[in-house]
Amino acid sequence: MPPADGQAAPQGSGAPTSTSPPEGADAALVLSDGTVFWGTGLGAETSNVGEVCFNTSITGYQEILTDPSYAGQIITFTFPHIGNVGANPEDIETATPAARGCVLRAGITEPANFRATRHLDEWLRSHGLPGIAGIDTRALTRKIRGSGFINGTVVNGGNIDVAAALAEAQAWPGLDGMDLARTVTCGQTYRWEESTWALGRGYGVLDKPRHHVVAVDFGAKRNILRCLAAAGCRVTVVPATATAEDVLGHEPDGVFLSNGPGDPAATGEYAVPMIRQVVASGTPVFGICLGHQMLALSLGCRTEKMHHGHRGANHPVKDLETGSVEITSQNHGFVVVRDSLPAGVVETHTSLFDGTLEGIRLDGRPVFSVQHHPEASPGPQDSHHLFARFVKFMEGD
């Protein structure tokens, strides 16, 4: 068990002040500045290193853990009750999670949901994901908010070597300059026709496609593809490394640029030339998250690393062209620099949390993108209408 107050307190900064766990602790989160959080282990008995971030969502932890955009990251959940609705085979965004581990405030209770088929701890073990519970996640979140992103090593079980874990965290290069889309993209082109989920029915199947969309998979979540199918689109998914000839060779009515992990400038080395040619062809283009950032790069904008990023399901975003405010789902650590927008590229959305740029369009062309996740999963569905906007572009409206 953790210390008596139920929280495993951080220890100092610089070199760790203790290499011995307190009584009952069998897991540790060791940050690159030497801070050590002791707690109880969950999931796989192993260790992983990555960038430590936090997510403020109160639902959908299984979708979050399977979002490919979390490649290279250890996720801290600020909501204290994670795991009490169990796990199931439907609420996943990819078959193989790319996250490095998770950090929880409270231990996982027995599942208490009619859709649960497995305990979350068992599910984590099956995917080789280590975790730690019983730590002061508010203190950790405040640390990230104050100091910015920080690398860390999560260790569950065995003889915990704090010095080795610290050295690993300090040696990890971080996400700046890292192309992670290659690690999570599909291995080959495939067709997608599954549509959105409904209680008592499960996932639907597209039976009368009206449009053909090529989705470039930089780390696409399944619910994005489902939303496209629900909008009447037959989807052909191509790898992140697809060329413009590959994409346009499928004769699409529109091209979708998906979400994904890592530094957009690094992935853009091969993706931006493709996007420029697709835009030049006159084909309607819709991008989100990493796809939004790389569309912006292809139009002459710049991106930069954020202080601590946006991750949660309660982010208010204002549509500057309609005046409406939507509550959105977000997961990104890079942002398009507003001052870099060239003539003809129009800002369409802005964050009401911190004023960062959240959307752009190319003036006079059927090309637009948003930083947030209109497919939600998890999160509100306020931005689902963007898929309908994409369809209208493909119909020539």
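The structure we're discussing is the one just above.
What you see is a predicted model, and the numbers here were worked out from it, not measured in a lab.

Now for the sheet that holds strand β12 (residues 233-239). Judged by pairing direction, the sheet is mixed, and its 10 strands sit side by side in the order β8-β12-β11-β13-β14-β19-β18-β17-β15-β16 without closing on themselves. Of all the strands in the sheet, the pair left with one neighbour each is β8 (190-192) and β16 (325-336). Shown here is a sheet whose adjacent strand axes are inclined to one another by a mean of 25°, direction ignored. Looking at chain direction, strand β14 (residues 285-288) and strand β19 (residues 367-370) are connected through four bridges and run parallel. Its bridge partner being in β19, Val 285 is matched across the sheet by Val 367.

Here we take up helix α6 (residues 222-230). Along α6, seven of the nine residues are buried, which leaves the element largely enclosed by surrounding structure. For α6, every residue scored as buried is listed here: Asn 223, Ile 224, Leu 225, Arg 226, Cys 227, Leu 228 and Ala 229. Positive backbone phi, approximately 90°, marks Gly 232, located one or two places after α6.

On inspection of all chains with the given rule, the structure shows five aromatic pairs. Ring centres of Phe 286 and Phe 368 lie 4.4 Å apart, and the angle between their planes is 10°; this geometry places the pair in the stacked category. On the criterion of sequence distance, the pair formed by Phe 286 in strand β14 and Phe 368 in strand β19 is long-range, its members being 82 residues apart. Taken individually, Phe 286 and Phe 368 each receive the classification buried, so the pair is uniform in this respect.

If you look at the biggest cluster of nonpolar residues, it comprises 33 residues, and the most contacted ones within it are Val 216, Phe 218, Val 247, Leu 257, Met 274 and Leu 295. Elements that contribute at least two residues to this core include exactly β11 (211-217), α7 (244-248), β13 (254-257), α8 (264-280), α9 (290-298) and β18 (357-362). If sequence neighbours within four positions are ignored, Met 274 has contacts with Val 216, Phe 218, Ala 242, Thr 243, Ala 244 and Val 247.

Here seven strands make up a closed barrel; going around it, the order is β1-β2-β6-β5-β4-β3-β7 and the pairing mixed. Along the sheet, successive strands turn relative to each other by an average axial angle of 35°, direction set aside. By the bridge criterion, five bridges tie strand β3 (residues 47-55) to strand β4 (residues 73-77) in an arrangement that is parallel. Bridging from a neighbouring strand, Val 52 pairs with Ile 74 of β4. In the packing of helix α3 (residues 137-147) onto the sheet, contacts are made with β1 (27-31), β2 (36-43), β3, β4, β5 (101-103) and β7 (150-156), and the angle to β3 comes to roughly 80°.

What counts and what doesn't
- Residues numbered from 1 in each chain as written.
- Predicted model: local features only at pLDDT ≥ 70, side-chain atom pairs only at ≥ 80, totals over all residues.
- Heavy atoms only, no water.
- Pairing = 2+ DSSP bridges.
- Helix = DSSP H or I, 4+ residues; strand = E, 2+ residues; numbered from the N terminus.
- Axes fitted to C-alpha atoms, helices over the stretch in contact; angles between N-to-C directions.
- Buried < 20%, exposed > 50% of the residue type's maximum accessible area, 1.4 Å probe, protein only.
- Phe/Tyr/Trp six-rings, centres within 6.5 Å; stacked < 30°, edge-to-face > 60°.
- Core = buried A, V, L, I, M, F, W, Y, C linked by side-chain atoms within 4.5 Å.
- Contact = heavy atoms within 4.5 Å.

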